[in-house]
Amino acid sequence: MAEPYYIDEDIGKDDDSAVGTPTAPYKTLLHAMKCHPPQSSKYMTRKGGPDGPGDYKAASDSAMKKATKLYQQHLRKQEKNADAEVKAREEEMRRLKILEDAKSVVIEEDKSLPEAKRIRLDDTEGVTLGTAEKKGTRVKVMGRVHRLRSQKDVIFITLKDGYGHMQVVFGGDLIRTYAALTLTLETSLEIKGQMRELPPKANAPLNRELHADFFRVIGAAAGDKEAITNKVQAGGDPQTLLDQRHLVLRGDVLSSVMKVRAAVLRAFRQAYVETRCLEVAPPSMVQTQVEGGATLFGFKYYDEEAYLTQSSQLYLETCLPSMGDVFCICPSFRAEKSLTRRHLSEYMHVEAELDFIEFDDLLNHLETVICRVIELVLQDPVIASYVKELNPDFKPPSNPFKRIKYADAIEWLNEHKIDFDDEDVPEDHPERKRPHRFGDDIAEAAERQMTDILNVPIFLTHFPLEIKAFYMPKDPSDPRVAQAVDLLMPGVGEIVGGSMRIWDYEELIAAYHRVGIDPAPYYWYTDQRKYGTSPHGGYGLGLERFLAWLCGRFTVRECVLYPRFTNRCTP
């Protein structure tokens, strides 16, 4: 008999470094059997004890019986895998032959059929649906493959074109073509065929389907490893999804948010027209600050220092004397190194300034505009369906909104044991987390907790003067606080910041000095107080925060085409 094979349970190895000799033993009897079948092999085993390894001995009958049983299972599994590999090769050969044969299948449009009417996928006007008794309208559509389902004698495609979706049915020779057999998601197609009613109990967009009689590929989409489903997946790594934002935009969720966004912008403009506000277009390149120098994006403007605008407020104020109430919808920029779910470095800013008003007029105007915007958005049944799908629990706010003064909010937070987290104090200091005090800048988390518990829109008003911007005036009844307001929405927190504006010349000059701002570059803003001043106020609304509230999105990054925030400026 041949030399025996050695197994050492302590120092042996079941890998390529072991050959079954006393100096390079295997670790297990099963592995030795896999390398050297038991029909013609002998096995010697040993394992260490308290006094070290003993001598090699012939494998015991019980050990041989157990290992042999496992070895036989291994052989059966190998045989099964070999059969599966043979079947897979045969199946692949059949598939390749079918694809090769499919290259010879050529379809041509039947010129005897009625001319196809070009429609978008959501068009219904002038389109008749066929039944068993009558023919439907023959149409031509163009779009991309959104979903794909192949059966034995039919292929179902959900087509999309940015306007809607349509179920398309391929049958007959169409499914035997090379193009049909190799269809991939996102491939763009031109399809002609007859519109028909759905079979009983079937579901499809607009309760209809297109039975194709001709199609051609306009642009094939990558498949296999490069398929879009391998590039972007729901619940994937956030940074990967941001890198592939151009592909994520093709999905239902983000594209729906963008369509709601467009509807919201239209609604704001209409609401402002109805309240007699004029749209103006202030500059984005400025040499003054509005919200503090720490968040300015600076750049060289020829030989001068300049910044990207933080807000268009100051420019809007200059329009009031000759244009009446005004608004703008423009990008604003904040160099704020924050990665919270409600901050962006570039965002769309809806801003308005109103002349000859008091503080209550400002709040009433905000209620009117926001309620009207929601009303207009939900009047469109398509947009309303997007909102319903994105945020099933959304309920339009009712007018008037709840109003809470800052001092009362401090009291409410303390009653509900929501502490102030003072980040200027070391973490282990007893004052790091403490009850709120008058003068604290209420943190985002505490603010949102209060809003979510109350679960209604809240006007938070009358903040301490020192935590608000220089241009906000004192309240005549309490000089400690400013006539300022934040509008808080459940799930998001602050979506609007606004105030009355200082309209007295001397008071504004004093405000400049109080915060250490040189008045000289603001001469054009200060002049508004020299030439027929008036009580006025305004606000800025972050469109992405508004959308996060309306569409039930966790972060504002889901509410903008290509989000820009700390360390993210691509694609």
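Before going into details, it helps to say that this report is about the structure given with it. (Residues numbered from 1 in each chain as written. Predicted model: local features only at pLDDT ≥ 70, side-chain atom pairs only at ≥ 80, totals over all residues. Heavy atoms only, no water.)

Residues Met285, Tyr301 and Tyr302 make up a contiguous nonpolar surface patch of about 380 Å² in total accessible area. Secondary-structure assignment places Tyr301 in strand β14 (residues 297–301). Residue classification places Tyr301 among the partly exposed positions, given a relative accessible area of 35%. (Patch = residues over 30% accessible without salt bridge, like charges linked within 9 Å, V, L, I, M, F, W, Y side chains within 5 Å. Areas by Shrake-Rupley, 256 points an atom, 1.4 Å probe, with all protein chains shown as cover. Salt bridge = Lys/Arg side-chain N within 4 Å of Asp/Glu carboxyl O. Helix = DSSP H or I, 4+ residues; strand = E, 2+ residues; numbered from the N terminus. Buried < 20%, exposed > 50% of the residue type's maximum accessible area, 1.4 Å probe, protein only.)

With that settled, consider the packing of aromatic side chains. Under the counting rule described, the total for this entry stands at 17 aromatic pairs. With a centroid separation of 5.9 Å and an interplanar angle of 50°, the aromatic rings of Tyr406 and Phe463 are classed as tilted. Residue Tyr406 is located in helix α11 (residues 406–415), and its partner Phe463 is located in the loop between β21 (458–461) and β22 (474–475); the two are separated by 57 residues in the primary sequence. A relative accessible area of 5% means that Phe463 is categorised as buried. Look at Phe470 and Tyr471: their rings are 5.4 Å apart centre to centre, the planes differ by 80°, and that puts the pair in the edge-to-face class. The pair formed by Phe470 and Tyr471 is uniform in burial state, with each residue classed as buried. Over the aromatic face of Phe438 sits the side chain of Arg480, whose NZ or CZ is 4.2 Å from the ring centroid. The ring of Tyr525 is capped by Arg529, whose NZ or CZ atom sits 4.2 Å from the centre of that ring. (Phe/Tyr/Trp six-rings, centres within 6.5 Å; stacked < 30°, edge-to-face > 60°. Lys NZ or Arg CZ within 6 Å of the ring centre and 35° of its normal.)

Another aspect to go through is helix α13 (residues 505–515). When we look at burial in α13, the residues that qualify are Leu508, Ile509, Ala511 and Tyr512. Along α13, the residues classed as buried sweep out an arc of 155° about the axis, all on the same side. Exposed and oriented more than 90 degrees from the buried face of α13 are Glu506 and His513. Near the N-terminus of α13, the side chain that reaches the backbone nitrogen of Glu506, with its oxygen 3.2 Å away, is that of Asp504. (Arc of directions from axis to C-beta. Polar contact = N/O pair within 3.5 Å; in protein donor to acceptor, adjacent residues only side chain to side chain.)

Residue placement: Lys160 occurs in strand β8 (residues 155–160). Polar side-chain contacts of Lys160 include one of 2.9 Å to the side chain of Glu186. Polar side-chain contacts of Lys160 include one of 2.8 Å to the backbone oxygen of Arg250. Residues in contact with Lys160, not counting those within four places in the same chain, are Leu121, Gly143, Arg144, His146, His165, Glu186 and Arg250. (Contact = heavy atoms within 4.5 Å.)

Axis separation between α11 and helix α12 (residues 444–454) bottoms out at 11 Å; the angle between their running directions is 80°. Considered as vectors, α11 and α12 are oriented roughly perpendicular to each other. Across the interface between the two elements, Ala409, Trp412 and Leu413 from α11 touch Ala446, Met450, Ile453 and Leu454 from α12. Across the contact of α11 with α12, the residue classes break down as 7 nonpolar, no polar and no charged. (Axes fitted to C-alpha atoms, helices over the stretch in contact; angles between N-to-C directions. Parallel < 35°, antiparallel > 145°, perpendicular 65-115°, else oblique. Nonpolar A, V, L, I, M, F, W, Y, C, P; charged D, E, K, R; others polar.)

Taken together, 8 strands build an open sheet; the order of strands is β12-β16-β17-β26-β25-β24-β21-β18 and the sheet is mixed. Looking at which strands have only one partner, the edges of the open sheet turn out to be β12 (278–279) and β18 (402–405). Contacts between helix α7 (residues 252–274) and the sheet are confined to β12, β16 (326–333), β17 (346–355) and β26 (536–542), with β16 contributing the most and set at about 145° to the helix. Strands in contact with α11 are β18 and β21; relative to β18, the strand with the most contacts, it is inclined by about 90°. (Pairing = 2+ DSSP bridges.)

This paragraph deals with the packing of α7 against helix α15 (residues 543–551). Packed helices, taken two at a time, are described by the angle their axes make and the gap between the axes. For the pair α7 and α15, the least separation of the axes is 11 Å and the interaxial angle reads 115°. Crossing geometry of α7 relative to α15 is assigned as right-handed. Note on element contacts: α15 touches α7 through Leu543, Glu544, Phe546, Leu547, Leu550 and Cys551, opposite Val260, Arg261, Val264, Leu265 and Phe268. Among the residues making up the contact of α7 with α15, the classes are represented as 9 nonpolar, no polar and 2 charged. (Left-handed = near helix turned anticlockwise from the far one by under 90°.)

Attention shifts here to the sheet that holds strand β1 (residues 5–8). Within the open sheet, the 3 strands sit side by side as β1-β2-β5. Their pairing is mixed. Only two strands of the sheet have a single partner each, and these edge strands are β1 and β5 (57–58). Here strand β2 (residues 43–46) pairs with β5 via 2 bridges, running antiparallel. When the bridges of β5 are listed, Thr45 appears paired with Lys57.

By the definition in use, this model includes 2 cavities of 30 Å³ or more. Of the voids in this model, the largest cavity is the one considered here, and its volume is about 50 Å³. Taken together, Arg341, Arg342, Glu444, Arg448, Gly491, Val492, Ala548, Arg553, Phe554 and Val556 make up the lining of the largest cavity. As a volume, the second largest cavity reaches approximately 40 Å³. Around the second largest cavity sit Val286, Thr288, Gln289, Val290, Thr309, Gln310, Ser311, Leu314, Tyr315 and Trp524, which together line it. Its residues placed into classes, the lining of the second largest cavity shows 5 nonpolar, 5 polar and no charged. (1 Å grid on protein atoms, 1.4 Å probe; cavity = no way out; pocket = protein on both sides within 12 Å on 5 of 7 lines; lining within 4 Å. Points joined across faces, edges and corners; volume = space filled by probe spheres on them.)

In this section: the environment of Trp524. With respect to the helices and strands, the residue Trp524 is situated in helix α14 (residues 523–526). Trp524 gets classed as buried once you look at its relative accessible area, which sits at 19%. Counting along the chain gives 168 residues from Trp524 to Phe356, while the straight-line C-alpha distance between them is 20 Å. Excluding anything up to four places from it in sequence, Trp524 contacts Thr288, Leu314, Tyr315 and Thr318.

Relative to strand β11 (residues 208–219), strand β9 (residues 165–170) runs parallel, the two being bridged by 3 bridges. Across the sheet, residue Val168 finds its bridge partner in β11, namely Leu210. Both strand β10 (residues 188–197) and β11 contribute to a ladder of 10 bridges, which runs antiparallel. Across the sheet, residue Ile191 finds its bridge partner in β11, namely Phe215.

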